[in-house]
Amino acid sequence: MRDRYQQLVTTAPGRFLARRVGLPEPPHLRRHTPGDPLIPGPVILGGAPAGRLVKVVGPMLAAAGVAVRELGPRAEERPGGARPHALVFDATGITRSEQLVALHDFFAPQVRAVAPSGRIVVLGTPPEHCADTREATAQRALEGFTRSTGKEVRRGVTSQLVYVTPGAEEGVESTVRFLLSGRSAYVSGQVIRVGSAEVPPPDDWERPLAGKVAVVTGAARGIGEAIVGVLARDGAHVVCVDVPSAASELAEVAAAHGGEAYPLDVTAADAPAALAGHLRSGVDVFVHNAGVTRDRTLAKMDAARWEIVLNVNLTSEERINDVLLGENVLRPGGRIVATSSMAGIAGNPGQTNYATSKAGVIGMVRSLAPTLASRGSTINAVAPGFVETRMTAAIPLVIREAGRRMNSMTQGGRPIDVAETVAWFASPGSAGINGEVVRVCGQSLLGA
Ligand code: NAD
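Residues numbered from 1 in each chain as written. Predicted model: local features only at pLDDT ≥ 70, side-chain atom pairs only at ≥ 80, totals over all residues. Heavy atoms only, no water.

## Focus: the overall build of the protein chain
What the protein chain contains, in helices and strands, is 15 helices and 13 strands. Each of the three principal axes of the protein chain carries a C-alpha extent, and together these read 65 × 55 × 45 Å. Classification of the 448 residues of the protein chain by burial places 56% in the buried group. Total accessible area on the protein chain stands at roughly 18400 Å², and carbon and sulfur atoms take up 56% of it. (Helix = DSSP H or I, 4+ residues; strand = E, 2+ residues; numbered from the N terminus. Buried < 20%, exposed > 50% of the residue type's maximum accessible area, 1.4 Å probe, protein only. Areas by Shrake-Rupley, 256 points an atom, 1.4 Å probe, with all protein chains shown as cover.)

## So, the side chain of Ser408
With respect to the helices and strands, the residue Ser408 is situated in the loop between α14 (397-405) and α15 (415-426). What makes Ser408 buried here is its relative accessible area of 4%. In contact with Ser408, not counting residues within four places along its chain, are Gly150, Lys151, Arg154, Gly442 and Gln443. (Contact = heavy atoms within 4.5 Å.)

## Describing the UniProt feature "domain: Ketoreductase" (unreviewed entry) in the protein chain
Per the UniProt annotation, the sites labelled "domain: Ketoreductase" (unreviewed entry) are residues 212-385. With 47% helix and 22% strand, residues 212-385 has end C-alpha atoms that lie 29 Å from one another. (UniProt positions renumbered as here; feature names shortened; annotations may be inferred.)

## Let's talk about the pairing of strand β3 (residues 86-90)
Of all five residues making up β3, five are buried, and the element is well covered by its neighbours. Residue alternation in β3 divides its side chains into two sets, Ala86, Val88 and Asp90 and Leu87 and Phe89, and both sets are buried. As paired strands, strand β1 (residues 43-47) and β3 are joined by five bridges and run parallel to one another. Bridge assignment links Ile44 to a residue of β3, and that residue is Leu87. Handedness of the crossover joining β3 and strand β4 (residues 119-124) through helix α4 (residues 101-107): right-handed. (Pairing = 2+ DSSP bridges. Right-handed = clockwise from strand over helix to strand, strands pointing away.)

## Let's talk about the site of the ligand
Every one of the 27 residues lining the ligand counts as a neighbour, but Arg221, Asp242, Asn289, Tyr354 and Thr389 are closest to it. Take Asp265: an N or O atom from its side chain is 2.8 Å from a nitrogen atom of the ligand. Contact with the protein chains covers 94% of the free accessible surface of the ligand, which is 830 Å². Elements supplying a minimum of two residues to the shell around the ligand: α7 (222-233), α12 (352-373) and α13 (390-393). A per-class count over the shell around the ligand returns 12 nonpolar, 11 polar and four charged. (Near = heavy atom within 4 Å. Polar contact = N/O pair within 3.5 Å; in protein donor to acceptor, adjacent residues only side chain to side chain. Nonpolar A, V, L, I, M, F, W, Y, C, P; charged D, E, K, R; others polar.)

## Some points on the pattern of salt bridges
For side chains of opposite charge, pairing can occur when their charged atoms come near one another. What the rule picks out here adds up to 17 salt bridges. Asp284 is paired through a salt bridge with Arg331; the nearest N and O atoms lie 2.8 Å apart. With Asp284 in strand β10 (residues 283-288) and Arg331 in strand β11 (residues 330-339), this residue pair connects regions lying 47 residues apart in the sequence. With a closest N to O distance of 2.6 Å, Glu388 and Arg404 form a salt bridge. Of this pair, Glu388 sits in the loop between β12 (378-384) and α13 while Arg404 is found in helix α14, placing the two residues 16 residues apart along the sequence. Each of Arg183, Arg233, Asp234 and Glu420 takes part in one network of salt bridges that share partners. (Salt bridge = Lys/Arg side-chain N within 4 Å of Asp/Glu carboxyl O.)

## Things to note about the sheet that holds β4
Sheets are built from strands that pair by backbone hydrogen bonding, the pairs being arranged parallel or antiparallel. Across the sheet, six strands lie side by side as β2-β1-β3-β4-β5-β6; this open sheet has parallel pairing. Strands with a single pairing partner mark the edges of an open sheet, and in this sheet they are β2 (68-70) and β6 (191-194). For this sheet the average axis-to-axis angle between neighbouring strands, irrespective of direction, equals 20°. Here three bridges tie β1 to β2, and the two strands are oriented parallel to one another. Paired with Ile44 across the bridge in β2 is Arg69. Strands in contact with helix α6 (residues 173-180) are β1, β3, β4, β5 (158-164) and β6; relative to β4, the strand with the most contacts, it is inclined by about 155°. (Axes fitted to C-alpha atoms, helices over the stretch in contact; angles between N-to-C directions.)

## Here we look at the pairing of strand β8 (residues 237-242)
Taken across its six residues, β8 has five buried, putting it largely inside the fold. In this sheet, β8 lies alongside strand β7 (residues 213-217) in parallel orientation, the contact comprising five bridges. Note that in β8 the partner of Val216 across the bridge is Cys240. Crossover connection from β7 via α7 to parallel β8: handedness right-handed. In this structure, β8 lies alongside strand β9 (residues 260-263), joined through four bridges in parallel fashion. Bridge pairing in β9 places Cys240 opposite Ala261. In the classification by handedness, the crossover that spans β8, the intervening helix α8 (residues 247-256) and the parallel β9 is right-handed.

## Regarding the packing of aromatic side chains
One pass over the full model with this rule turns up six aromatic pairs. Cluster of aromatic residues (ring-pair linked, three or more members): Phe89, Phe106, Phe107 and Phe145. (Phe/Tyr/Trp six-rings, centres within 6.5 Å; stacked < 30°, edge-to-face > 60°.)

## Structural notes on the side chain of Arg183
Residue position: Arg183 is located in the loop between α6 and β6. What Arg183 contacts, discounting residues up to four positions off in sequence, is His32, Phe178, Glu206, Arg233, Asp417 and Glu420.

## Section: a nonpolar patch on the surface
A cluster of nonpolar side chains, Met406, Leu445 and Leu446, forms an exposed patch at the surface whose accessible area comes to about 250 Å². Take Met406: it is sitting in the loop between α14 and α15. Classification of Met406 as partly exposed rests on a relative accessible area of 35%. (Patch = residues over 30% accessible without salt bridge, like charges linked within 9 Å, V, L, I, M, F, W, Y side chains within 5 Å.)

## A few points about the environment of Thr392
Position of Thr392 relative to the elements: it lies in helix α13. In this structure Thr392 comes out as buried when scored by relative accessible area, which is 11%. Between the C-alpha atoms of Thr392 and Gly403, which are 11 residues apart in sequence, the distance is 9.3 Å. For Thr392, the contacting residues outside a window of four places in its chain are Phe386, Val387 and Arg400.

So this is what it looks like as structure tokens:
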């Protein structure tokens, strides 16, 4: 599954050449396979004094079988000799900018020792929940730290900031597990907010969706096919939706994962009603993944190109959400996950239609989040960067190669990376994550 350039630089002459001319050497990324431990080595956990999360996260990780080493903020030595696989720092005790030096004290002596595909996670308080402006300033500063470490550390190491609302401490487990595991291999430089919610602990973290019904649109191939596989792996019965012309591929995907195929064009006038009829007994997880591109610079774009992209990628989702919510098709505690794109965040030449639709998805997720919260449900979006699928295979070679390399992982993501992120949103343990947009882009250099 390595691209041609990755294959080349794993040979001795290829590596020699890449080093001589300063080309990137894409690291092998640790990805999750069922049965893997949460993380293959020790986690060093530290925190600024008076932090409220160290005492929750330490026992949580220990109970999950992780070797946790707690160090004071001035730790200079690596305990036990083993390379740390993650550095987790509780920064919630930082209330003044002068105290940000605790980040330096904790990370600087240890950061180079972190194993390949290791993890950096900083836990903070959302600035909007801070007691005063100085605390809010110091907490906002954490973003610059985690985004920079992600760009600096390389070797497949990811770095994230998780803001945890006061009172939501117990709800952080699904997120910490996701970020430490190989499930988040291609997620880096993200800022994730965990809010207060009733979080029922899953009976089995390996099958958190057991007994649930999920729907995935655009399921016949690419990212959608991977989402079907991961949701089924996690225990869900998956209804696979795609256009009728893809019915045979769709049937194969459904059969491979014990689900059912439901051929349907999501833009059809009667699609929402047809879905509501088909899902009469309700659905727990609905994944809006179907998407199309019709690229042209704006001056050369005909109305048909504009309309189909907006209709498939945005309007059809709004119309389906209307029945999911208006007719109570989405069960209490349900999850909606939509698919945005880095183009929807950063914009892209030749993609005014696509970027408009994908920015609209972000608007939809943010504006519907309070409605979903009032039902004990959530709505979130994944925003993929460059992911190796048929959609990106159609991009001209030079642009494609730039897209692949211009990120902290110096490689494209795989459909499974997006699928794992969707599964984390879908998990019952993620009830406190609502209205979020998480990029699966290897910390792309493009965009925010
Ligand atoms: P893909 O083209 O391989 O698959 C998209 C699927 O959606 C296809 O099976 C297609 O038949 C289906 N589809 C299209 N129109 C439909 C309709 N009207 N009704 C039902 N199904 C329909 O694309 P992909 O790369 O797997 O992308 C999946 C999603 O991820 C899309 O929303 C895309 O915009 C988004 N995305 C992908 C990338 C990437 O790098 N591949 C990056 C950002 C966002």
